[in-house]
Protein chains: 2
Amino acid sequence: MSPLKIALDVMGGDHAPRVNIKGAVEAYKKWGYSIVLVGNRDQILRELERNKIKPKLFEIVHAEEVIDMHEHASTARRKKNSSMNVAFDLMREKKVDAVVSPGHTGAFMAGALFTVGRLPGVSRPALTASIPSLKGEAVMLDIGANVDCKPKHLVQFALMGDMYCRLVKGVEKPRVGLLSNGTESSKGNDVLRTTDQELKTKNLNYIGFVEPRDVFRNAVDVVVCDGFYGNLFLKTAESILSTLIFLFKKELKRSILSKLTFLLFMLSARKTLKMLRRRFDYAEHGAAPLLGINGLGFVCHGSSSAHAIRNALHMAALSAQSGFLRELNEEIARLGYEKGEEL
Amino acid sequence: MSPLKIALDVMGGDHAPRVNIKGAVEAYKKWGYSIVLVGNRDQILRELERNKIKPKLFEIVHAEEVIDMHEHASTARRKKNSSMNVAFDLMREKKVDAVVSPGHTGAFMAGALFTVGRLPGVSRPALTASIPSLKGEAVMLDIGANVDCKPKHLVQFALMGDMYCRLVKGVEKPRVGLLSNGTESSKGNDVLRTTDQELKTKNLNYIGFVEPRDVFRNAVDVVVCDGFYGNLFLKTAESILSTLIFLFKKELKRSILSKLTFLLFMLSARKTLKMLRRRFDYAEHGAAPLLGINGLGFVCHGSSSAHAIRNALHMAALSAQSGFLRELNEEIARLGYEKGEEL
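Residues numbered from 1 in each chain as written. Chains lettered and ligands numbered in written order. Predicted model: local features only at pLDDT ≥ 70, side-chain atom pairs only at ≥ 80, totals over all residues. Heavy atoms only, no water.

Colleague: Whenever I open this one, the pattern of salt bridges confuses me. Can you help?
Modeller: Side chains that differ in sign of charge can pair as their charged atoms come close. Under the counting rule described, the total for this entry stands at 34 salt bridges over all chains. One salt bridge in this structure joins Lys95 of chain B and Glu93 of chain B, with 3.1 Å as the shortest N-O distance. Within the structure, one salt-bridge network assembled from shared partners comprises Asp89, Arg92, Glu93 and Lys95 of chain A. (Salt bridge = Lys/Arg side-chain N within 4 Å of Asp/Glu carboxyl O.)

See the structure below:
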């Protein structure tokens, strides 16, 4: 399979297909990637025309169905002809290197499991985000693919996060921590305390329980948590940021001194505000890779802009070029796991 | 029992006994409350002398032992002569109206259960915080007393939160929501989905799943969650706030325009920054009541300042005066529950 090809689920997300196709056009213009647009052919051709783009610059694969954002993952998975599942089929058939979708996270997980499947040794793939800290960033997983996790799942997330951090981010001995409500070993809940004991026996630079503040002050490289809390964590961060910006704006408009400050503040800090908002919105600055599947899958936020879709396609292409998946497979193989066995 | 008396565990917290006693002195000077100082008599007398306060202005009850902040709740509970447990004994014997402690949360929960016990119908008391929103605030429970919760516990938190919101905050028909990773009923984990179904059958203004942003934009009055997520939520909020303030300060120092802005910003927004930081730190702006015990118990943050202790004593006194506990008991009685039965 050459050259590199990325499949984009153009029917997924809140602004499909318009914004998704716009993002694909931007990515093509900037990097010349071979992008396969998967979705309703008529709608795709109409959007390409609107963007004054020759259809032959993209490969188009027609898909009859669409997965709705509010659908249950189990019904979504039965839609074999949905744009998302057709995109996964292309990856299973080795016709594309990666799949990018701004669609339903649960359906993405289900689609990946039922088409390309899991890597040997992995029982639950995990959605992985980069969280900004005071210097650099931390890798957090899972951020939404698995709401109910057992200790063995969290242990697998730790091992995959460690590999990702080493192979993709280039961190030598990533500090792996388990997100908890306190750092003492008596803290956490039953699942976390068992996981804590198991992680101590693994070949990891495991530093024990970490608290939210450790994530932001760069005291940990890989933050392990279940998908329920990981998702809440990101949503809390994002909503606090919006609230603060709102409150500041309100406060700064009060007096004349405040108004002047506000003006200068917006002039000089506008970029920071934008940057912060983007960094906390895991999809806006690219996409979240689903680690542990037998392929490269990236989920973007449902409300992704064209710019975010463009960045997600770029991230997918770079990951495909870097050979991360092959290295992850080799690393897992070195641990001695085989198909059917669990990490 | 009259007049009103509040017991303060002066040996609990990171800055005991000095800061706790300073807080008691401040509360006495401001409101003239009768405060019972529970702890090591010699140390208490020394601190009162340092503050140039006549010992006879306070009642002192000696307690031989101290519960360490890092102790396990189960060993802490066996320290019958600890300042915290002696304070609870005073409440059981109706010698004080309320107990305030900046000590160990787990030990506080255990101490309350083993001395004054639970209200009829309640199987798990819940620690309750007020979360600032764009207008007003939301009540969140549990924020740290129960890390592993079953649906029936979350249902009890919802009922108690509803009562608290009506009786103490004066909200007429509080909107009760269940904190989740999405508002669709397919979201949440197993425990939450069962709780969601059960809450629909209760006599509550139940609005279903809520997300973090709903908390901040005032779309919910009572936010129900287990103590693990509640605690992480607060810690996430607090640490994001600190990180943002740090990043802004750094960013604003970059250019000359930025420096000027920074100066004006600090002049005009200093108060807002302080206020925000305090509001997100549940203890700094008072204390968290432990709802569902047969008495009034308030936990402050371990690192509480004298000012926070003072505010906590004030909150305890107001709660005792308001007759909230009696009303909560009557309300539960109206529901028809008896000792041994569960809500």
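Colleague: Help me understand helix H2 (residues 41-50) of chain B, please; the structure alone is not making it clear to me.
Modeller: In an α-helix there are 3.6 residues to a turn, and that puts residues three or four apart on one side. Residue and element names in this part refer to chain B. All buried positions along H2 are accounted for by Ile44, Glu47 and Leu48. Along H2, the residues classed as buried sweep out an arc of 100° about the axis, all on the same side. Looking at H2, the residues exposed on the side facing more than 90 degrees away from the buried face are Asp42, Arg46 and Glu49. Against helix H1 (18-31), strand E2 (34-39) and strand E3 (59-62) lie the buried residues of H2. Sitting at the amino-terminal end of H2 is Asn40, which places a side-chain oxygen 3.1 Å from the backbone nitrogen of Asp42. Two residues or fewer past H2, Lys52 is found with a positive phi of approximately 55°. (Buried < 20%, exposed > 50% of the residue type's maximum accessible area, 1.4 Å probe, protein only. Helix = DSSP H or I, 4+ residues; strand = E, 2+ residues; numbered from the N terminus. Arc of directions from axis to C-beta. Contact = heavy atoms within 4.5 Å. Polar contact = N/O pair within 3.5 Å; in protein donor to acceptor, adjacent residues only side chain to side chain.)

Colleague: I'm lost on the environment of Asp14 of chain B in this one. Help?
Modeller: All names here are of chain B. Within the secondary structure, Asp14 is located in the loop between strand E1 (5-9) and H1. Residue classification places Asp14 among the partly exposed residues on the basis of a relative accessible area of 48%. Considered as a pair, Asp14 and Met69 are 55 residues apart in the sequence and their alpha carbons are 7.7 Å apart. Contact partners of Asp14, with chain neighbours within four places excluded, come to Met69, Gly302 and Ser303. In this structure the side chain of Asp14 is engaged in a polar contact, spanning 3.5 Å, whose partner is the backbone nitrogen of Ser303.

Colleague: How should I be thinking about helix H7 (residues 190-199) of chain A in this particular structure?
Modeller: Taken residue by residue, H7 of chain A has Leu192, Thr195, Asp196 and Leu199 of chain A as its buried positions. Along H7 of chain A, the residues classed as buried sweep out an arc of 105° about the axis, all on the same side.

Colleague: Can you walk me through the pairing of strand E8 (residues 205-210) of chain A in this structure?
Modeller: A regular strand places its side chains so that they alternate between the two faces of the sheet. Residues and elements named next belong to chain A. Sheet topology note: the strand E7 (residues 175-179)/E8 ladder contains 5 bridges and is parallel. Each bridged residue has a counterpart across the sheet, and for Leu179 the counterpart in E8 is Val210. On the question of chirality, the crossover connecting E7 to the parallel E8 by way of H7 is right-handed. (Pairing = 2+ DSSP bridges. Right-handed = clockwise from strand over helix to strand, strands pointing away.)

Colleague: Teacher, can you tell me more about the packing of H1 of chain B against H2 of chain B here?
Modeller: What describes two packed helices is the angle between their axes and the distance between those same axes. Residue and element names in this part refer to chain B. Running from amino to carboxyl end, H1 crosses H2 at an angle of 55°, the nearest separation of the two axes being 10 Å. Of the possible angle classes, the one that applies to H1 and H2 is oblique. Here the hand of the crossing between H1 and H2 comes out right-handed. Judged by residue contacts, Arg18, Ile21 and Val25 of H1 engage Ile44, Glu47, Leu48 and Arg50 from H2. Residues of the contact of H1 with H2, tallied by class, amount to 4 nonpolar, no polar and 3 charged. (Axes fitted to C-alpha atoms, helices over the stretch in contact; angles between N-to-C directions. Parallel < 35°, antiparallel > 145°, perpendicular 65-115°, else oblique. Left-handed = near helix turned anticlockwise from the far one by under 90°. Nonpolar A, V, L, I, M, F, W, Y, C, P; charged D, E, K, R; others polar.)

Colleague: It is not clear to me how empty space enclosed by the protein should be interpreted in this structure. Could you clarify?
Modeller: Once rolled over the atoms, a probe with the size of a water molecule shows which space is left empty. According to the stated counting rule, one finds 7 cavities of 30 Å³ or more in the structure shown. Considered as a void within the structure, the largest cavity measures approximately 100 Å³ in volume. Around the largest cavity, the lining comprises 16 residues; the ones closest to its centre are Pro289, Leu290, Leu291, Leu296 and Phe324 of chain B. Of all the secondary-structure elements, those providing two or more residues to the lining of the largest cavity are strand E10 (288-291), strand E11 (296-299) and helix H12 (324-334) of chain B. Among the residues forming the lining of the largest cavity, the class breakdown is 12 nonpolar, 4 polar and no charged. The volume enclosed by the second largest cavity comes to roughly 80 Å³. Around the second largest cavity sit 15 residues that line it, and Pro289, Leu290, Leu291, Leu296 and Phe324 of chain A are the ones nearest its centre. (1 Å grid on protein atoms, 1.4 Å probe; cavity = no way out; pocket = protein on both sides within 12 Å on 5 of 7 lines; lining within 4 Å. Points joined across faces, edges and corners; volume = space filled by probe spheres on them.)

Colleague: Which parts of the structure should I look at to understand the packing of helix H6 (residues 151-167) of chain A against helix H12 (residues 324-334) of chain A?
Modeller: Residues and elements named next belong to chain A. Packing of H6 against H12 brings their axes to within 11 Å, and their N-to-C directions diverge by 130°. Between H6 and H12, the interaxial angle falls into the category oblique. The handedness of the crossing between H6 and H12 is right-handed. Seen from H6, the contacting residues are Met163, Tyr164, Arg166 and Leu167; seen from H12, they are Phe324, Glu327, Leu328, Glu331 and Ile332. For the contact of H6 with H12, the class distribution of residues is 6 nonpolar, no polar and 3 charged.

Colleague: Explanation requested: the sheet that holds E3 of chain B in the structure shown.
Modeller: Within a sheet, each strand pairs with its neighbour through backbone hydrogen bonds, oriented either parallel or antiparallel. Residue and element names in this part refer to chain B. Taking strand neighbours across the sheet as the criterion, the 11 strands line up as E3-E2-E1-E4-E11-E10-E5-E6-E9-E7-E8 in an open arrangement whose pairing is mixed. Each edge of the sheet is formed by a strand with only one pairing partner; in this case those strands are E3 and strand E8 (205-210). Pairs of neighbouring strands in the sheet enclose a mean axial angle of 25°, with direction left out of account. Note: strand E7 (residues 175-179) against strand E9 (residues 222-224), 3 bridges, orientation parallel. Bridging across to E9, Val176 finds its partner in Val222. Lying over the sheet, helix H6 (residues 151-167) contacts strand E5 (126-132), strand E6 (137-141), E7, E9 and E10, oriented at roughly 165° with respect to E9.

Colleague: Mind showing me how you'd approach the side chain of His153 of chain A here?
Modeller: All names here are of chain A. For His153, the location among the structural elements is in helix H6. Of the residues examined, His153 reaches a relative accessible area of 5% and is grouped as buried. Leave out the neighbours within four places in its chain, and His153 touches Ser123, Arg124 and Asp148.

Colleague: Please clarify how the environment of Lys169 of chain A should be interpreted in this entry.
Modeller: Residues and elements named next belong to chain A. Following the sequence through the fold, Lys169 ends up in the loop between H6 and E7. Through-space distance from the C-alpha of Lys169 to that of Asp221 is 10.0 Å; in sequence the pair is 52 residues apart. With sequence-adjacent residues up to four places away left out, Lys169 is seen in contact with Ser130, Glu137, Val139 and Tyr164.

Colleague: When you look at the side chain of Glu71 of chain A in this model, what are you seeing that I'm missing?
Modeller: Residues and elements named next belong to chain A. With respect to the element layout, Glu71 can be found in the loop between strand E3 (59-62) and helix H3 (73-77). Reaching out from Glu71, the side chain makes a polar contact with the backbone nitrogen of Asp68 at a distance of 2.8 Å. Apart from the residues within four sequence positions on either side, Glu71 is in contact with Val66, Ala76, Lys79 and His104.

Interpretation note: all reported values are geometric properties and have no functional meaning in isolation.
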